[in-house]
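# Breakdown of the fold
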Amino acid sequence: MKISVFGLGYVGCVSAACLASSGHQVVGVDVNQVKVELVRAGKAPLVEERIGELTARVVREGALRASTDAMAAVLDSDISLVCVGTPSAPNGSLSTTYLERVTEQIGKALAVRDDAVRHTVVFRSTMLPGTCLQLLVPILEKASGKTAGVDFGVAVNPEFLREGSSVRDFFAPPKTVIGELEEASGDAVAALYSGIGGDVFRVPIPVAEMTKYADNAFHGLKIGFANELGAICRALGLDSHSVMDVFLSDRKLNISPAYLRPGFAFGGSCLPKDLRGLVHAAHRADVSVPILAHVLASNDEHLRRAFDLVARTGKRKVGLFGLSFKPGTDDLRESPLVELAERLLGKGYDLKIYDANVSLSRLLGANREYIEGRLPHLGQLLAGSVEEVLEHADVCLVGCTDPVVVDALPHNGKHVLIDLVRLPDAELRRTEEGYVGLAW
């Protein structure tokens, strides 16, 4: 394929050289004459393992060249890969100045391009969801006088290259994400990576835009978590690396997909208590741990979102399905559903609750003591069946996936259905009147 790569910075230079080495004909485009001259001389504009020799080889073989002429590059290519920077503005917002400028240049070239071979514009720059469809596609269409998805293709293809190992990462990616305007656009991008391994995800454009932010936010969170835990360990006289060796050995819960699906707030007899204890120990040792100190606050904010969804309906009769903190148990200690029920009652909502595992007569010990302190009139709130709750409520909060509950939930829009757990048929329900997902 003939490919034009806009932006010969880190991502663009690596992408151009790697694609050229895969058998494609590539032209790198940049307004910086110094970068262009370096590539023309077979030298990479950056220093990193393998990129220097790879650039020299593909330039020598004629597979990679460089230019400042955007018009000519688009006219002589099948795909334009946009890799320009999106730096932070002074207020922290995303700066799209370079993206807009390059997009307009490509659009003007599309205006005079022969449509015998459809051109596809692929954005590889990191940008927030909505940037492509709401900002860049309109620029392309205005500058070209043509229609995206009909006269030319559009896709988003975020990169997951680590500095220091980017060439290796290009050929052995953790994943390939293709945000496609329509199937033909996605096909063009998929052809670029033919023969390269890893899972391929073809998704809507905004989903592709968000994936890079999800990755980097989590990477930052992991580093911050490890560093805060290390600071606590040091203050307590422990070897933090020994602690983390044990932590990392757990592939069932710690280093795994566990707990990484958006849902409701966490609770129970362990997590809240142990987080409070750890943060308290850190404060006693005079160690600042802003991430760990705000985990419970973040959890409480998520619970508040659920309450606000009820309040926005303007309805007063509420049904709650699920009460224990974990399905299949009757443990109510620090259950976020108990907390939600308490808040609703405190604000005067008329509440009915169904949980097949919770019976006031069977609650014992600390569990019974806890619920008597938080919901002293629980016996009057508990319903004997799903139908009793549905008959009572105008708003239903679904906090469990009990098959008896899931099967009985109506599809008729009569109730406002607030889904706290992402029901098995959530994708189908999303188009139904009255359905609201908490975080999806």
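Keep in mind the model is a prediction, meaning the values are calculated, not measured.

With that out of the way, let us pick up the overall build of the protein. Within the protein, the secondary structure is distributed over 19 helices and 13 strands. C-alpha extents for the protein along the principal axes are approximately 80 × 60 × 40 Å. For the protein, the residues scored as buried account for 45% of the 440 residues in total. Accessible surface, the protein as shown: approximately 21,800 Å² in total, 54% of it carbon and sulfur. Here the protein carries 46 positive and 54 negative side-chain charges, and the mean point of each set is 3 Å from the other.

Bringing the sheet that holds strand β10 (residues 350-354) into the picture now. Read from one edge to the other, the open sheet built from five strands follows the order β10-β9-β11-β12-β13, with strand pairing classed as parallel. Of all the strands in the sheet, the pair left with one neighbour each is β10 and β13 (435-437). The sheet shows a mean angle of 20° between the axes of neighbouring strands, direction not considered. Alignment of strand β11 (residues 395-398) against strand β12 (residues 416-419), held across four bridges, turns out to be parallel. Counted as the bridge partner of V395 is V416 from β12. Each of β9 (317-321), β10 and β11 touches helix α14 (residues 336-346); the most contacted strand, β10, lies at about 160° to it.

Position of R113 relative to the elements: it lies in the loop between α5 (97-112) and β5 (120-123). Classification of R113 as buried rests on a relative accessible area of 10%. Sequence separation between R113 and T313 is 200 residues; the distance between their C-alpha atoms is 52 Å. Setting aside anything within four residues of it in sequence, one finds R113 in contact with V74, L75, D76, S77, D78, H119 and K146. Here the side chain of R113 touches V117 through a polar contact of 3.3 Å, landing on its backbone oxygen.

According to the domain assignment, the protein contains domain 1 (2-207) and domain 2 (298-437). Between the C-alpha centres of domain 1 and domain 2 the distance comes to 48 Å.

With that out of the way, let us pick up the nonpolar core. Proteins that are soluble and globular tend to have nonpolar side chains buried together. Residues F321 and L378 are the most contacted members of the largest nonpolar core, which totals 51 residues. Beyond its immediate chain neighbours, meaning those up to four positions away, F321 contacts Y354, V386, V389, L390, C396, L397, V398, G399, C400, V405 and L409. Among the nonpolar cores identified, the runner-up in size contains 37 residues, and V5, V26, C83 and V122 belong to it.

Turning next to the sheet that holds strand β6 (residues 153-156). Read across the open sheet, the eight strands follow the order β3-β2-β1-β4-β5-β6-β7-β8; overall the sheet is mixed. Pairing within the sheet leaves two strands with one partner each, and these edge strands are β3 (64-67) and β8 (199-203). Across the sheet, the mean angle from the axis of one strand to that of its neighbour is 25°, orientation sign disregarded. Pairing of β6 with strand β7 (residues 175-180), which is carried by two bridges, proceeds in the antiparallel orientation. Bridge assignment links V156 to a residue of β7, and that residue is G179.

Sheet topology note: the β7/β8 ladder contains five bridges and is parallel. Its bridge partner lying in β8, I178 is registered against R202. Between β7 and its parallel partner β8, the chain crosses via helix α8 (residues 183-192), and the hand of that crossover is right-handed.

A word on the environment of G52. The residue G52 is located in helix α3 (residues 51-60) in this model. For G52, the contacting residues outside a window of four places in its chain are G42 and A44.

Taken together, the buried positions of α8 are S185, G186, A188, V189 and L192. The buried residues of α8 occupy an angular sector of 155° when projected down its axis, which confines them to one face.

A few words on the side chain of N299. Along the polypeptide, N299 turns up in helix α13 (residues 295-313). Classification of N299 as buried rests on a relative accessible area of 14%. Setting aside its immediate chain neighbours within four residues, N299 contacts A265 and F266.

Cut-offs used in this document
- Residues numbered from 1 in each chain as written.
- Predicted model: local features only at pLDDT ≥ 70, side-chain atom pairs only at ≥ 80, totals over all residues.
- Heavy atoms only, no water.
- Helix = DSSP H or I, 4+ residues; strand = E, 2+ residues; numbered from the N terminus.
- Buried < 20%, exposed > 50% of the residue type's maximum accessible area, 1.4 Å probe, protein only.
- Areas by Shrake-Rupley, 256 points an atom, 1.4 Å probe, with all protein chains shown as cover.
- Lys, Arg positive; Asp, Glu negative; His and termini not counted.
- Charge placed at Lys NZ, Arg CZ, Asp CG, Glu CD.
- Pairing = 2+ DSSP bridges.
- Axes fitted to C-alpha atoms, helices over the stretch in contact; angles between N-to-C directions.
- Contact = heavy atoms within 4.5 Å.
- Polar contact = N/O pair within 3.5 Å; in protein donor to acceptor, adjacent residues only side chain to side chain.
- Domains from an automatic or database assignment.
- Core = buried A, V, L, I, M, F, W, Y, C linked by side-chain atoms within 4.5 Å.
- Right-handed = clockwise from strand over helix to strand, strands pointing away.
- Arc of directions from axis to C-beta.

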